[in-house]
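Tertiary structure, described
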There are 4 protein chains.
Amino acid sequence: MIELAENRYGKSRVRLMKVTRHDHGHDLREWTVQVLLKGDFDSAHLHGDNSKILPTDTMKNTVYFLARSSKATTMEDFAKELADFLLGRNPQVQSVSIRVESTLWKRLTVSGKPHPSAFMRGSGELQTTSVERAQGGAFHILSGLDNLVLLKTANSGFEGYIKDSLTTLPETKDRLFGTAVSAEWHYMSSDLEFDVIRKSIRETMLRTFANHDSKSVQQTLYAMAETALEAVPEIDEIEITMPNKHCLLVDLSRFGRDNPNEIFVPTDEPHGYIEARVRRKP
Amino acid sequence: MIELAENRYGKSRVRLMKVTRHDHGHDLREWTVQVLLKGDFDSAHLHGDNSKILPTDTMKNTVYFLARSSKATTMEDFAKELADFLLGRNPQVQSVSIRVESTLWKRLTVSGKPHPSAFMRGSGELQTTSVERAQGGAFHILSGLDNLVLLKTANSGFEGYIKDSLTTLPETKDRLFGTAVSAEWHYMSSDLEFDVIRKSIRETMLRTFANHDSKSVQQTLYAMAETALEAVPEIDEIEITMPNKHCLLVDLSRFGRDNPNEIFVPTDEPHGYIEARVRRKP
Amino acid sequence: MIELAENRYGKSRVRLMKVTRHDHGHDLREWTVQVLLKGDFDSAHLHGDNSKILPTDTMKNTVYFLARSSKATTMEDFAKELADFLLGRNPQVQSVSIRVESTLWKRLTVSGKPHPSAFMRGSGELQTTSVERAQGGAFHILSGLDNLVLLKTANSGFEGYIKDSLTTLPETKDRLFGTAVSAEWHYMSSDLEFDVIRKSIRETMLRTFANHDSKSVQQTLYAMAETALEAVPEIDEIEITMPNKHCLLVDLSRFGRDNPNEIFVPTDEPHGYIEARVRRKP
Amino acid sequence: MIELAENRYGKSRVRLMKVTRHDHGHDLREWTVQVLLKGDFDSAHLHGDNSKILPTDTMKNTVYFLARSSKATTMEDFAKELADFLLGRNPQVQSVSIRVESTLWKRLTVSGKPHPSAFMRGSGELQTTSVERAQGGAFHILSGLDNLVLLKTANSGFEGYIKDSLTTLPETKDRLFGTAVSAEWHYMSSDLEFDVIRKSIRETMLRTFANHDSKSVQQTLYAMAETALEAVPEIDEIEITMPNKHCLLVDLSRFGRDNPNEIFVPTDEPHGYIEARVRRKP
C-alpha cells in the first residue's frame, strides 16, 4: 500500500516593487515572495478534488492586495501579515510559510546630494526572511542574507592539516580568502525591530571577517557566528555557509619571474564548502 | 555561552569527464561530484587547529585518483567507493556524504549509424545520487533526477477550487501543463542495478505524466509517484517537486480574433510550486 | 555640435508558444521573437515627440495577433510575414529586423509510440533566424543555430604550433575536442524550404565534425563550413564560431598512476575562441 | 569555389586578480581578459598547418606574465601593453584586439574606517574596454560600461505615440523607468587619463538619467549621450543601449482598491530595446 506523506504547495517568484511617495522623495522596495501552504490536501492528490485548494494564482493576488494596504516596512512584518491573512481565510490550511527575498537598490547621489527619485541596483546580495506559522501557533522567524561576496587579502593562512599520499596542496601563511556568505538566524521573539537587528548582525559579521586572523574558513565562520550571537541577544542561533572560492597563485617561475602573492586566478569551480550552525547553549 | 552545533565541510563542483575506450568505440561520462564530511572538527572551528582537517583539495585529488581505478559504471557505485575510501583513511570522520550529478551526453548518429567517438550534449536534465555512510553504518542512497522539463497539451484541467474575493483565475477543462520535474527516491538496499532501476522509474513517471487525465498538478504528481513505487519494488519512497510553469492563453478578442487554446505566452515567474513525498505504508 | 547617428528600437524576448491541433495529435512550437525598427525617429530622440513611435507593446501584440492567423510553419516564413505586416502599416519605418529563436521540444515516446500531446524539452541548442527588409527592398535572411554542444574523443590533435618563452602547452596527437557551435548562414533567395535546408546544413556540420581528422579547431571549423556550402547550393556564405572548451588531462603520476587519456577535468574558463566566415568565391 | 573570408581566434575568460600591496593597505583589481588575433592563418584553416598559430594557452600565460611586471593602473593601459607585446613577438599577426572587463570590488568600511585588506563585491555593473591595434597602426580604443541597472520613480511619461488597431498600452504621464545601461565610447587619443574620464562620463550619464524629464527612453538615452559628449572633449562618439525593463502597475480595482502608482510587478521579459549612437558632427 502507498500513502501520501509530507506535502505542500504554493506560489514562487511573486515579484513586487513598492514605491512609497513622501513629500521629500520616494522609497523603493523590491521583494520576491514565496507562499507555501501545508494542510489537508489529500483529496486533491488522491481524487483530483480541488475543493480545499486555494489557487496559487489567488496567492499571487493576495500578495499585491496586501502590499497596498500594509504599513509594514520590514520583510518580516509583511510576511507575518501575509501569513495571518491566509491562515484566517483558509481553515483547511494547517500552516503557512512565507519567504521574502529583498533586492538591493541604492538611492543615487547626484551633484553630492541624495536624489529623491532615482535609484541604482546594488550588489547581488539578498536579504531574506522565512516566516512560518501554524493555525493557533507562534511565529517561527528565520532571517538571513545570501550571496554576500567577500574577499580578504591579508590575515589568512592554512597550515597543519592532514597530509597523506593524495595531498598536493602546499601550506601557506598568507593566502587570499574569498567567499560568498549565506547566513540565517533564528529570532527568539516575533515582535522586534528587524531592520535594526539585521544591520547589527551583518555589520558584526563583516567586522569579524575583516579583522579575524584566519587559520581556516571554519575558524573564521565560527568567529563570525559567535560575535553575531554575542552582539545580538534577540537571536539564539545562526547557521552560516561559506564556500571557499579559491584564488590560485599563478606559477610565474616557469617564465623567470617571481610572484609574491600578487597575481592570482580567481576560480568558480571546484570550490570548498563549509557550513556550521552555532547556538547559545541551552 | 555559545557552542558549535551541526557542521560539515567538503568540496563542491569537482568536475570529472571519463572516457572509456573499447575496441568498438568510446563511452563518455561527465559527473560533477560533491564530497561532504561530518566529524570531530571542533578544534578547527574553536582553536584554528587543523590537525583533523583533510583539505578539500585532497578530496578533489581523491575523486580523480579513484575515478582512474574504479570499475563502477553507475554514479551510485562510484559514490559508494568514494565514501568508503574516505571513511577508511579518516577515522576522525563520522560520516561521509557524496553527491554526484550526471550531465547528459548522447552519441552522435552519423549517416544512420552510431558514431564511435562523437557526442552531443543532451538536455539540461540531470541524473543525481546522494550516498551517505557513517563509520560502521549502512549506506543511505537517494537517487533522482532534476530539471526534467515536460509539457502536455491535452488532458489537463483545473476546476472546482476555492473562490473568494481575491480569485481572478478562470476555471478550465483544457490547459497547457508545463513543469520541470525534480525527483528523489530512496533505495531499500545498496547493492542494486541502479541504472536499470533508474530507467524504469523515469519511464514510469514519463508515461504517467503523458497519459494522466490531470485535475491538478497535485493529482498528477501523486500518480507519477504512485506508479513509480508500484513499478519498482526496490524503492520505498519518492519525493517529487513539480513547479507549475504557466503558459498563459493570450486574449486576442481585443483584436477581433478568437484563440481556441492555440497561442500562449510561456512564463518563468511567478510559478506554482508543488511538492510531495509518497511512500509505502509501513 | 552633436548629432544622432544610427539608432533602432523594438521589443525583445516576446515569447510565443503555439499549439497546432491535428486529429492525430498536436504540434508544439516555442519561439522567442525580437522586433527592431529603423526609421525616422529623430524627433523622438531630440524633442520627445512620440508621434512617429509605434509602442514596443504594440509590437508584442502584433506578434501574437499574427501568430494566430499565420500559416507559416518555419520561423523564416513567420518572420517574413511579421516584417511585411509592420512595414505595410508604418511608412515612417525604414527597415524592420525580426529575430526568432526556437527552443527544442521533442515528442515523448510512451510505450514505444510517439505520444500525441506530451513533450519533453530538448537540449539547450537554439535554432535561429534573422530576417531584415527595408521598405521596397528584398529580404535579407540569415539563419543559424546556437549552442550546439559537441565533443569528440578521437581524431583530434594539436601540434606544430609556435613555441616561445611563454609556451607551456605540450603537443598532443590525441586530445578531447569539445565545443559549442554557433553558426549563421546567408540564403541567396527568400522563398525556400527553410526547414529542409536547415536540416541538411546541420547534419553536414555534425558529420564533418564527427569524421574529421582534426589538426586544430580552425581546420575542423573550416571543413564544417566548406562541406555545408558544398551540400547546400541555396546559401552563399556561413559564419561559424567554435570555442575550444578545454578538457584538461589530470596528472595522476603524482599519485603513482598513469592516465592514458581517460580522466579529464572539463572547464568553462578560460576557453579558446575561434571564428571564421567562409563563402563562395564571387 | 569556396574561400576563407574574415577570421580571428584567441582566448576568452582569462581571469586575473591582482593584489597590489602598499604600506597603508592593499589594492584589488579583478579583470577578465579576452585576446583575439587576426592575421595570416589560411594555412591552418585549409591545411592543418599550425606553424603560424600562437596557442591560445600561450596567450593566457602572456596575460599573467605581463600582469606581474605591468605598471598599468587602468584596463586601457594594460590592454595597450598586452596588444603591443603580442604584435612585437608575432609578425604573422595583422592586428590584435584586447577586451578587458572589470568586476567591481569595494573596500569594506569597518568601525567607520576603510579596511586595508578586506573587500566586498559591488554590483553586477562591469567596466569595459576594447583596444585594437594593427601592425604599425594607431590604437583604436572603445571603453564602456555594461549592466548599470537604474530606475527612476518620477519624471517619466510616455504619451502621443501611434495608436492603431493593435494598441492596448494606455498613455501615462507618470511611470517607473527601469533600465540596464550599456554604453561604449570612442577615445580620440590613446594617451589619456582613462579613469578620470570614465568617472566623468559615468557621473554625467547618471545625473542626466536622474534629472531628465523623460518623454521616452529614446529621449533620455539621447540626453545622456549628449551631455556625456559635452562634458568630455576626449571622446567623439558614444553608443548607448537601454532596454526598457517594464514595471507593470497592478490592477487592484478588481479587489476594490486603488493603486496610485504604488504597487508594481517588475518583469524581465518581454522588454523594450532602445539603442543609438550619438557623435560630434564632423
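Residues numbered from 1 in each chain as written. Chains lettered and ligands numbered in written order. Predicted model: local features only at pLDDT ≥ 70, side-chain atom pairs only at ≥ 80, totals over all residues. Heavy atoms only, no water.

A few words now on the overall build of chain A. Across its full length, chain A carries 5 helices and 10 strands. Overall, chain A is about 75 × 65 × 40 Å in size when its C-alpha atoms are taken along their principal axes. Taken over 282 residues, chain A has a buried fraction of 60%. In chain A, which carries 36 positive and 39 negative side-chain charges, the distance between the mean positions of the two groups comes to 5 Å. (Helix = DSSP H or I, 4+ residues; strand = E, 2+ residues; numbered from the N terminus. Buried < 20%, exposed > 50% of the residue type's maximum accessible area, 1.4 Å probe, protein only. Lys, Arg positive; Asp, Glu negative; His and termini not counted. Charge placed at Lys NZ, Arg CZ, Asp CG, Glu CD.)

So, on to the relation of the copies chain C and chain B. For the pair chain C and chain B, the relating rotation is 180 degrees, the translation along its axis is 0.0 Å, and the fit reaches an RMSD of 0.0 Å. The symmetry that links the two subunits is that of a two-fold axis. Minimal C-alpha distance to the rotation axis in chain C is attained by Ser 123 of chain C, lying at 1.8 Å. With an isologous cut-off of 70% or more, the 100% of interface residues of chain C that recur at the interface of chain B puts this contact in the isologous class. (Least-squares fit on C-alpha atoms with pLDDT ≥ 70 in both. Contact = heavy atoms within 4.5 Å.)

Every contact between the two is made by 73 residues of chain B and, on the other side, 73 residues of chain A. Summed over both partners, the interface of chain B with chain A buries about 6400 Å², with 54% contributed by carbon and sulfur atoms. At the boundary of chain B and chain A, one finds 12 salt bridges. Salt-bridge contacts for Glu 269 of chain B lead to Arg 13 of chain A; the nearest nitrogen and oxygen are separated by 2.9 Å. Inspection of the region where chain B meets chain A yields 38 residue pairs in polar contact (both at pLDDT 80 or more). Within the residue set of the side of chain B that touches chain A, elements represented by two or more residues are β1 (2-22), β2 (25-39), α1 (42-47), α2 (56-69), α3 (75-89), α5 (217-231) and β10 (271-280) of chain B. Considering each element in turn, the side of chain B that touches chain A owes the most residues, 14 residues, to β1 of chain B. A class-by-class count of the residues in the side of chain B that touches chain A yields 27 nonpolar, 25 polar and 21 charged. Pairing of strand β1 (residues 2-22) of chain A with β10 of chain B involves 9 bridges; the strand directions are antiparallel. (Buried area = accessible area lost by both parts, 1.4 Å probe. Salt bridge = Lys/Arg side-chain N within 4 Å of Asp/Glu carboxyl O. Polar contact = N/O pair within 3.5 Å; in protein donor to acceptor, adjacent residues only side chain to side chain. Nonpolar A, V, L, I, M, F, W, Y, C, P; charged D, E, K, R; others polar. Pairing = 2+ DSSP bridges.)

This part covers the domain arrangement of chain A. All names here are of chain A. Here the domain parsing of chain A yields domain 1 (9-122) and domain 2 (147-279). Once you take the C-alpha centre of each, domain 1 and domain 2 turn out to be 32 Å apart. Between domain 1 and domain 2, roughly 490 Å² of surface is buried when both sides are summed, and carbon and sulfur atoms account for 45% of that area. Considering only the side of domain 1, the residues that lose the most area to domain 2 are Thr 74, Glu 76 and Lys 80, jointly responsible for 68% of the buried surface there. At the junction of domain 1 and domain 2, the tally comes to 2 salt bridges. Put simply, Glu 76 and Arg 198 hold a salt bridge, and the shortest N to O gap is 2.8 Å. In terms of residues, the side of domain 1 that touches domain 2 owes the most to one element, helix α3 (residues 75-89), which gives 4 residues. The residue makeup of the side of domain 1 that touches domain 2, split by class, is 1 nonpolar, 2 polar and 4 charged. (Domains from an automatic or database assignment.)

Let us now look at helix α3 (residues 75-89) of chain C. An ideal rise of 1.5 Å per residue puts 21 Å on 15 residues; α3 of chain C measures up with 21 Å between its terminal C-alpha atoms. Among the residues making up α3 of chain C, those that are buried are Met 75, Glu 76, Phe 78, Ala 79, Lys 80, Leu 82, Ala 83, Phe 85, Leu 86 and Leu 87 of chain C. (Expected span 1.5 Å × (residues − 1).)

Across the contact, 60 residues belong to chain C and 60 residues belong to chain B. The contact between chain C and chain B buries some 5200 Å² in all, and 59% of this surface belongs to carbon and sulfur atoms. Put simply, chain C and chain B have 9 salt bridges between them. Note that Arg 68 of chain C and Glu 262 of chain B form a salt bridge whose closest N and O atoms lie 2.9 Å from each other. Counting across the interface, chain C meets chain B through 30 residue pairs in polar contact (both at pLDDT 80 or more). For the side of chain C that touches chain B, the secondary-structure elements that each account for two or more residues are β1 (2-22), β2 (25-39), α2 (56-69), β3 (93-110), β4 (113-134), β5 (140-152), α4 (194-211) and β9 (263-266) of chain C. No other element matches β4 of chain C, which puts 8 residues into the side of chain C that touches chain B. Tallied by class, the residues present in the side of chain C that touches chain B amount to 30 nonpolar, 14 polar and 16 charged. Two elements, strand β5 (residues 140-152) of chain B and β4 of chain C, share 3 bridges in a ladder whose sense is antiparallel.

Moving on: the packing of α2 of chain C against α3 of chain C. All names here are of chain C. Packing of α2 against α3 brings their axes to within 11 Å, and their N-to-C directions diverge by 120 degrees. Between α2 and α3, the interaxial angle falls into the category oblique. Helix-helix and strand crossings are classified by hand; for α2 and α3 the assignment is right-handed. In this structure, α2 contributes Thr 62, Val 63, Phe 65, Leu 66 and Ala 67 to the contact, and α3 contributes Phe 78, Glu 81, Leu 82, Phe 85 and Leu 86. Counted by class, the contact of α2 with α3 contains 8 nonpolar, 1 polar and 1 charged residues. (Axes fitted to C-alpha atoms, helices over the stretch in contact; angles between N-to-C directions. Parallel < 35°, antiparallel > 145°, perpendicular 65-115°, else oblique. Left-handed = near helix turned anticlockwise from the far one by under 90°.)

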